[in-house]
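Structural characterization, general
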Amino acid sequence: MRFSPHTADDRRAMLRQIGVDSVEDLFSDLPASVRLERPLNLPQGLSESEVAALLGELAAKDLDMQQYVSFLGGGSYDRYIPSVVGEMLRRSEFYTAYTPYQPEISQGTLQAIFEFQSLIAALTGLDIAQASLYDGATAVAEAAMLAWGQTGRKRIVVARSVDPQYRSVLRTYAHGHGLEVVEVPLRDGRAAADDVATAAADAACVIVQHPNFFGLLEDVDSLVGAAHGAGALYIAVADPISLAVLRTPGAYGADVAVGEGQALGIAPSFGGPYLGFMAVRQEYLRRLPGRIVGETADHEGRRGYVLTFQTREQHIRREKATSNICTNQGLMALAATIYTTLLGPHGLRQAAALSIEGAHLLGDGAQGISGMDMAFTGPYAFEVALRTGAKVGDVQAAMLGAGMLGPLDLERFYPELPGHMLLSVTEKRTAGEIKRLLAVLQGVEA
Amino acid sequence: MKTIFEEHQPGRGTEYLPSREVDLRAFLPEAEIRSELPLPELSEVQAVRHFTGLSRRNYGVDTGFYPLGSCTMKYNPKINEDTARLPGFAQIHPYQGEATAQGALQLMWELQRDLAEITGMDAVSLQPAAGAHGELTGILIVRAYHELRGDKARTQVIVPDSAHGTNPATAAMAGFEVVHVPSDERGGVDVEALRALTSEKTAALMLTNPNTLGVFDERIAEIAEIIHGQGGLVYYDGANLNAVLGHSRPGDMGFDIVHLNLHKTFSTPHGGGGPGAGPVGVKRHLAEFLPVPVVTQQDGRYHLSYDAPHSIGQMRSFYGNFGVLVRAYTYIRALGPEGLREVADDAVLNANYVLSLIRDHFVLPFDRIPKHEFVVAPPDDLVRGKGVKTLDIAKRLLDFDFHPPTVYFPLIVHEAMMVEPTETETKETLASFAGTLNGIVDEARENPEYVKTAPHQTVVGRLDEARAVKQPKLLERLGG
């Protein structure tokens, strides 16, 4: 299957116009020593019907969430996506465009990003949001770099209750800059203000996820106090659905809010493409990484949108840029904008409320199972962390046998938590499904 | 067009979720619950019209010709969109067990293998989310390699003056000092200057080949030798791989590390600025530094391997922009080895064809056989005599429904205009674009003011970028 339109006559006419005899003549400046003198060793090309069948066979080898009921979460969620989202995303004026370098013919992309920034600012309760980052993990890392740039301090403090993927990526980025990453230990699944106060001395920032990786509410007021008391920035990591019902990072005093936007209308897709977001207080505007869209007007006074504050960016500043990031996650930000617009405040609250209600139905039920208990105490939402006397592998096998996906084995990321597992509930999970899960959990032998 | 905030009417909305009443106070402390949520409320029809309206104020490859240099805006096959949305790919969770995702893992393993073959590398990571992210991965590998050898004095990364801005920004982000090497009079790296700049402090050289002028650096083997001779590594920015697919491989040119842009060379859509994917390939001696996890195969079963003590670590959540990987895999399977080589043939043919049609109307800073793209500038009598600049010509192109070329890049060419037609365009489209460009040059001589005030046909005219900075309005809130 090829997408080049040329006929043999086309090629001949074009070569004649150029003034050469063959296409090979156009490659005559490639030295013999670097030429590949054999065909690439790849499978032969296929027609569209053949390639469709091949990919269909590969996809059929996977167990997907249309056939299996998912209780997996931990940073990627099986949420309901209205039909309109997929329909709009397939408008090829959106998805076959590049970064909006020519604003006169890119107002669609630009206005959508402007609306995205507005929605993120409303959700986080902060002053300014940028146009998006690769994912939640890189957003956390970029936020840490921002804090380093702002404070000049080289220590990054992160709560161990932050998503392990995020902490892992943070360490990679920090090492590149020669920054030190210090983890605040778990105290009943959370960060303690005393620990944060100690660790934050001379730190650029304190990074806390709320609700945290285990679904627990952190004591954000005292943690913000501890961070600020040490002169460190407070970076809040938040799930956008949780922001529909919980007090905002802006309200509890965070300087920066970042997170993973996948929950806003983006398919789980085995982990990507996803959507990182970042919002900050006004004073950090010029330290933001990546694209920012602003409103302006043309000479006739017609409103329009442009990429702005570009003097922070790599194509202008080169090695002095705030980040090397070039694009954003344009189409994913568009998905989030469409999703949030469709659901509106009531729908978004309902997605959060139904998930929390379901998580508690599961948590309450699990506590009644012998050999099983809540892993931690205190308020929780979305995720349910459980301790079990059974092998987590056996739980996974039993759930799979019953047509369900889950749980996540927490020991994989927390060696100090053997026999702990994480289950997640979204608004898609019915009371019936949760009761079936409880029956499966009940049946696993300790 | 109105914004969603201006469309807002309290009480509007559609029931997407069960409307059962939930009292959150039963589960959460009341003080933690948010009381207001100032988001717009629209009916579904309003929302559909709003976003359809936005799409109509956009220009994509499906709208028309998009010769944006260095971005490779080729046609995005629709079958790729279908395969990426198969439930077995789109509806699978990153934490579901390996045994339940063998199809996805097989696809990734085969794609790793295919990209290694295409680039002449030995091992590939699919994790980086974009080209710039691939660059950062590559440069962190450079750093890890020297660190493990105890080679701590290597603090510099050499970058040509024609390089993409991401190259120096990336090197700085990995803690390196950036050293610029000039171009020679033929548009390639000034080899003598490079020799003088290379030392035991050199960690790596970052290079694009063909470079941003569309010129293939014939002395590439010598360049690689200079760097290797001083113990440095040579990094290939894969932005321009489309030009040499199946003809020449970075691995055979002497490069140690390469990043690819699947959204350029392998036809995955640019999405209005992401998501892309920027896999990184390395030679054998660097494989141990690749990000984790990599996909491995044993006895026909596929695994995610984290067993890499010298790995630079993880570059993002999970395994990569998987949905983008599915599209690129579909493309590679559809084209096969001959199809991919033909991509380069026609990309280069098309660039040379357009150049042959406009060369009399423009200035060529480097008159050589270009590869997949070329750089020209408007004639001096226009720029100096009439004050008509490259930007004006670009804006006037908008009136004829063409996306303009990349302008003012590379930085080493004054008033640069960088044209990359790609292989998927017809001879007629190319000729029509060339004729329009020439016509604008002629028009600018007779009526410079009209060109300088272009575009005249778009939904908005040139926008006041200074005002956007001086009176920033970066968001809207309900109620103004």
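Here the structure is a predicted model, which is why all the values come from computation and not from measurement.

A separate point is the overall build of chain B. Looking only at helices and strands, chain B features 16 helices and 12 strands. For the C-alpha atoms alone, the extent of chain B along its principal axes is close to 75 × 65 × 45 Å. In chain B, which comprises 480 residues, the proportion classed as buried is 68%. For chain B, the share of sequence-separated contacts (at least 6 apart) that also reach a separation of at least 24 residues comes to 72%. Surface accessibility of chain B: about 15,400 Å² in total, with carbon and sulfur atoms responsible for 48%. Across chain B, 45 positive and 62 negative side-chain charges occur, with their mean positions spaced 3 Å apart.

A separate point is helix 3 (residues 48-60) of chain A. For helix 3 of chain A, spanning 13 residues, the distance from its first C-alpha to its last is 18 Å, which sits close to the expected 18 Å at 1.5 Å a residue. If you check which residues of helix 3 of chain A are buried, you get Val-51, Leu-55, Leu-58 and Ala-59 of chain A. One side of helix 3 of chain A holds all its buried residues, which, seen down the axis, span an arc of 95 degrees. For helix 3 of chain A, exposure combined with an orientation more than 90 degrees from the buried face picks out Ser-49, Glu-57 and Ala-60 of chain A. Structurally, helix 3 of chain A contributes buried residues whose contacts are with helix 3 (78-84), helix 4 (87-90), helix 5 (102-119) and helix 11 (322-358) of chain B.

Contacts between chain B and chain A engage 193 residues on the former and 183 residues on the latter. A combined buried area of about 16,500 Å² lies between chain B and chain A, and 62% of that area is made up of carbon and sulfur atoms. The largest per-residue losses of area from chain B upon contact with chain A belong to Arg-34, Tyr-95 and Leu-474 of chain B, which jointly make up 5% of the total buried on that side. Joining chain B to chain A, the criterion identifies 13 salt bridges. Residues Glu-117 of chain B and Arg-38 of chain A are paired through a salt bridge, measuring 2.7 Å at the closest nitrogen-oxygen approach. Among the elements that make up the side of chain B that touches chain A, the one with the highest residue count is helix 11 of chain B (28 residues). Among the residues making up the side of chain B that touches chain A, the classes are represented as 98 nonpolar, 52 polar and 43 charged.

Another aspect to go through is the pairing of strand 6 (residues 233-237) of chain A. All names here are of chain A. When you tally the buried positions in strand 6, you get five out of five residues, the bulk of the element. Across the two faces of strand 6 the burial is the same, with Leu-233, Ile-235 and Val-237 and Tyr-234 and Ala-236 all buried. Crossover strand 5 (residues 203-209) to strand 6 through helix 10 (residues 220-229) is right-handed. Here three bridges tie strand 6 to strand 7 (residues 256-260), and the two strands are oriented parallel to one another. Directly across from Val-237, in strand 7, lies its bridge partner Val-258.

Moving on, we come to the packing of aromatic side chains. Under the defined criterion, the tally for this structure stands at 23 aromatic pairs over all chains. Summarising the aromatic geometry, the rings of Phe-213 of chain A and Phe-214 of chain A are spaced 6.0 Å apart at their centres and angled 70 degrees between planes, so their arrangement reads as edge-to-face. By relative accessible area, which is 2% here, Phe-213 of chain A ends up buried. An aromatic cluster is present here, built from Phe-270, Tyr-274 and Phe-413 of chain A together with Phe-89, Tyr-95, Phe-318, Tyr-319 and Phe-322 of chain B joined pairwise through their rings. Directly above the aromatic system of Phe-27 of chain A lies the positively charged group of Lys-371 of chain B, at a separation of 5.9 Å from the ring centroid.

The rules behind each value
- Residues numbered from 1 in each chain as written.
- Chains lettered and ligands numbered in written order.
- Predicted model: local features only at pLDDT ≥ 70, side-chain atom pairs only at ≥ 80, totals over all residues.
- Heavy atoms only, no water.
- Helix = DSSP H or I, 4+ residues; strand = E, 2+ residues; numbered from the N terminus.
- Buried < 20%, exposed > 50% of the residue type's maximum accessible area, 1.4 Å probe, protein only.
- Contact = heavy atoms within 4.5 Å.
- Areas by Shrake-Rupley, 256 points an atom, 1.4 Å probe, with all protein chains shown as cover.
- Lys, Arg positive; Asp, Glu negative; His and termini not counted.
- Charge placed at Lys NZ, Arg CZ, Asp CG, Glu CD.
- Expected span 1.5 Å × (residues − 1).
- Arc of directions from axis to C-beta.
- Buried area = accessible area lost by both parts, 1.4 Å probe.
- Salt bridge = Lys/Arg side-chain N within 4 Å of Asp/Glu carboxyl O.
- Nonpolar A, V, L, I, M, F, W, Y, C, P; charged D, E, K, R; others polar.
- Right-handed = clockwise from strand over helix to strand, strands pointing away.
- Pairing = 2+ DSSP bridges.
- Phe/Tyr/Trp six-rings, centres within 6.5 Å; stacked < 30°, edge-to-face > 60°.
- Lys NZ or Arg CZ within 6 Å of the ring centre and 35° of its normal.

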